Amino acid sequence: MDSQPAPHKDPLTVLKSSFGLTSFRPHQAEVIDAVLSGRDVLVTMPTGAGKSLLYQLPALCLDGLVLVISPLIALMKDQVDALQKRGIRAAYVNSSVSSKKRRQRLEAAVSGDLDLLFITPERFRSPSFMAVESRLHIALLAVDEAHCISQWGHDFRPDYSRVGLYRKRLGNPPTMALTATATERVANDISTALDLVNPLVVRTGIERENLFLGFEKIFLAEEKLPHLAKRIQSLQGPGIVYSTLIRDLEELHDELARLGIPSLVYHGKLSPEERRAMQERFMASSEENPTIILATNAFGMGVDKADIRFVLHAQVPRTIEAWTQEVGRAGRDGKPSFCETLFFPEDLALQQEFIRWANPDREFVFSVWSVLESWGERVATKDMDDLTSELLLKNRRDNRAGISLRWLEVIGAIEGSFERHDLRVNPAFMPSDLPVFVGSTEKLDGDLRGLLKLAMLANSEERCLRAGMAEHFDLEVPDLPCGTCSSCLGADTWIRREMSASKIIHALPPPSSMHPLKDPAPAPFRRGNWVRIGQHGLARVLKVEGEGRRTRVTIEDSASLKRRTIDPNRIKLRVIEN
Ligand code: ADP
Ligand code: MG
């Protein structure tokens, strides 16, 4: 008889006793079993699927520490607080923690008094961490948001590019990589960078049928604000409106205030305390007492709020991946939730500019280093403004200097920071120490292609968006159209069908004030109209876009149920019923 002793506690028992949950969600048991048997794992599951449990639960079953690498300080604190409330021995170590506490927590990890320790990747460069790392008894290394490792991912981070090396330093412990969004290429990249051995690979689709996913074409800049205001008025929050530009957020805030709708504004220019306060107010809101938050993409990672009823984008984000993550924050409770992105072609130029600023070329990184070096001892008295003015950077949003500093830090060319007034230049740095892909045109091209792919998805009105997404992520493409995206169904129809039951809290003002910036010309067609097409059959209007010569009407043929978008200036449509 095989007399192997059970090496660990039963996962299902721990799920109930320590997490208060009754059953596993799809794939959780399979992944946890693999982890408990010491196998490497690579998991791609959508936001909200429950990835954290995949390393949290093994931490209570395995002997030894689960070391979690996570990109954001805020993410760790929330998770650790929640775990500690459950009586789980978890802690985090990052730059927000005093050095005394850091030492204590690391010592606790070494002596086996912790089940889980959360760190940011830059911790691996800190001498106090290096001093203890070989004494950590690591049962599992979990790399959260692992797409940050891949330069083909949508959120590549210099610090993450070293995680493979850090894993080696730890003696190649069993490793789990987790991400919400990875194409096959990115998944392979992660696996190679981490040197995973025969990993269990789990990749699940983007089901989330409760979400309406849509793109709405905007042809004139002035149409944006009224459209967003109209949507917000017809939807019951809590909700998020994303915009790339702080100026837009402020305009929308004022416009909503004029309509009697209060909103919070959140962006990277607020102090950490202000951001925290905004996030807390949003988290505390509910369907009975909804709050709308207007935010840049700085908001959201780690926002685990179940009842977000809508996510609107005032501009296209930069990639399908970023968009997927952002809309994925809606409707985690499984209730109908509305996601719509305004597609205004001129915004593509704006995003292209952001992409260029996120990808400084090698010469630029060198010039940053030269400036720092030329300051000699005075570097400690300087700040970011001094650097950007020395580099002649004019635009506030041009982030190339910040990104270059990050790279210089990662390769050890500089240490410390402007904020702490302890920046130092390491004279031993050679420009050749920069990894070859830094500043490569391949990376820039890849990022620009990512934007193009999103633009193409936004424009594929003939094709179910979920099919397009599945194809993009190399997942199985569903046979049937989903019926809940803007290609399959008009946004208004969906809202009427799925969300009209919810009380509309904001009394609708008269139509003129709903469109404060322009008086819309009376539209000859409306959604829901029955129309005769030329001399032929009947169809139902699903969607009307644009105005005047640019009007496009999407109809569903009543006999074949086929959909098409037509130009009513060329093909005659006659309304036969209202
Ligand atoms: P992800 O990291 O995949 O975005 P999280 O780990 O933050 O998702 O989990 C999202 C939510 O799902 C959390 O509130 C978590 O408690 C919950 N959850 C995870 N697993 C289960 C389960 N088996 N049963 C019920 N709820 C779960
Ligand atoms: Mg997560």
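What you are looking at is a predicted structure, and each value in this text was computed from that prediction instead of being measured.

## A look at the site of ligand 1
Here is step 1: Close to ligand 1 lie 13 residues, the nearest being Ser23, Gln28, Gly48, Lys51 and Ser52.
Here is step 2: In this structure, a nitrogen atom belonging to ligand 1 sits 2.9 Å away from a main-chain N or O atom of serine 23.
Here is step 3: Glutamine 28 is positioned such that a nitrogen or oxygen atom in its side chain is 2.9 Å from a nitrogen atom of ligand 1.
Here is step 4: Starting from 570 Å² of accessible surface for ligand 1 in isolation, the protein chains cover 72%.
Here is step 5: Here the shell around ligand 1 is composed, by residue class, of four nonpolar, six polar and three charged.

## Considering the environment of aspartate 347
Here is step 1: Summarising the element assignment, aspartate 347 is placed in helix α13 (residues 346-357).
Here is step 2: Separated by 31 residues in sequence, aspartate 347 and valine 316 place their C-alpha atoms 7.0 Å apart.
Here is step 3: Excluding residues that lie within four positions of it along the chain, aspartate 347 makes contacts with Lys224, Ala314, Gln315 and Val316.

## Looking at the pairing of strand β9 (residues 239-242)
The side chains of a regular strand alternate between both faces of the sheet.
Here is step 1: Here β9 shows a buried face lined by Gly239 and Val241 and a second buried face lined by Ile240 and Tyr242.
Here is step 2: Across four bridges, the pairing between β9 and strand β12 (residues 310-313) is parallel. Its bridge partner being in β12, tyrosine 242 is matched across the sheet by histidine 313.
Here is step 3: Pairing analysis gives four bridges linking β9 to strand β11 (residues 292-295), with the strands arranged parallel. Bridge pairing in β11 links valine 241 to leucine 294.

Conventions we followed
Residues numbered from 1 in each chain as written. Chains lettered and ligands numbered in written order. Predicted model: local features only at pLDDT ≥ 70, side-chain atom pairs only at ≥ 80, totals over all residues. Heavy atoms only, no water. Near = heavy atom within 4 Å. Polar contact = N/O pair within 3.5 Å; in protein donor to acceptor, adjacent residues only side chain to side chain. Areas by Shrake-Rupley, 256 points an atom, 1.4 Å probe, with all protein chains shown as cover. Nonpolar A, V, L, I, M, F, W, Y, C, P; charged D, E, K, R; others polar. Helix = DSSP H or I, 4+ residues; strand = E, 2+ residues; numbered from the N terminus. Contact = heavy atoms within 4.5 Å. Buried < 20%, exposed > 50% of the residue type's maximum accessible area, 1.4 Å probe, protein only. Pairing = 2+ DSSP bridges.

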